[in-house]
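One-letter residues, chain by chain:
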Amino acid sequence: MAAMNDDVWREVFVAGLKNAHGVEHQALALMDRQIERARNFTEVADQLRAHRVETETQITRLETLLGQFDESASGLKDAALSMSGTLAALGHTLAEDEILKNAFANFAFENFEVAAYKGLILLARHGSYSAALDPLNETLAEEHRMARWVDESLPALTEKFLRLKRDGENPSR
């Protein structure tokens, strides 16, 4: 690859940072709705609360990185993705198996974030934006942990859902 620090490389990297910032706002909206409704699944709510704190830190990291490029997040993109996160979570409230649908969506969402941060790390590495590597790698590790937790908790979550349903309870509340 030729000159890695050209304007196009910077433009793509900054756009990726802004996109990640918006996605993290979407994640907050998704988690907030899910935490409110996970009454029978405190283990899920607790994990979401912990990841919510990580997500707020991730947003701060992204804002710091954007500031290093004299850029700021896109308020419009953040608002739109936050709204879409709220709407997606609300859409699942109509499902009888809401908690399971949320788990499936969380699995996809966390893995999407993993892929996005891997892309940003690649761009940072090849674009010689070495100051971005540590914060991006830290965020990637957090997203990997959350994706792994969602994956590993799915069998127990499904079993609990079925047990509650069999006992005549509304497991999605």
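Residues numbered from 1 in each chain as written. Predicted model: local features only at pLDDT ≥ 70, side-chain atom pairs only at ≥ 80, totals over all residues. Heavy atoms only, no water.

Chemist: Please clarify how unusual backbone geometry should be interpreted in this entry.
Modeler: It is generally the case that most residues other than glycine have a negative phi and that most peptide bonds are trans. Even without being glycine, Asp70 reaches a positive phi, approximately 55°. Structurally, the position occupied by Asp70 is in the loop between helix H2 (42-68) and helix H3 (75-92). Asp70 gets classed as exposed once you look at its relative accessible area, which sits at 75%. Of note, Ser128 is a non-glycine position whose phi angle comes to about 60°, a positive value. Among the structural elements, Ser128 can be located in the loop between helix H4 (98-126) and helix H5 (133-166). Residue classification places Ser128 among the exposed positions, given a relative accessible area of 53%. (Helix = DSSP H or I, 4+ residues; strand = E, 2+ residues; numbered from the N terminus. Buried < 20%, exposed > 50% of the residue type's maximum accessible area, 1.4 Å probe, protein only.)

Chemist: Explanation requested: the pattern of salt bridges in the structure shown.
Modeler: Side chains bearing opposite charge may pair, as long as their charged atoms lie close to each other. Per the counting criterion, the structure on display carries 12 salt bridges. The salt bridge partner of Glu36 is Arg33, with a shortest N-O separation of 3.2 Å. Here Arg33 and Glu36 lie together in helix H1 (residues 7-37), a separation of 3 residues that amounts to about one turn. Overall, Glu36 belongs to the partly exposed group, its relative accessible area being 46%. (Salt bridge = Lys/Arg side-chain N within 4 Å of Asp/Glu carboxyl O.)

Chemist: Before we go on, may I ask you to explain empty space enclosed by the protein in this structure?
Modeler: Picture a little ball the size of a water molecule; that probe, rolled over the atoms, points out where space is still empty. Tallied over the full model, the rule gives 3 cavities of 30 Å³ or more. Its volume calculated, the largest cavity comes out at about 100 Å³. For the largest cavity, the lining is made up of 13 residues, of which Val44, Ala103, Asn106, Trp149 and Leu157 are closest to its centre. Counting residues per element, the ones that place at least two in the lining of the largest cavity are H2, H4 and H5. Among the elements that line the lining of the largest cavity, the one with the most residues is H5, at 5 residues. (1 Å grid on protein atoms, 1.4 Å probe; cavity = no way out; pocket = protein on both sides within 12 Å on 5 of 7 lines; lining within 4 Å. Points joined across faces, edges and corners; volume = space filled by probe spheres on them.)

Remember that the coordinates give geometry; whether it matters functionally is a separate question.
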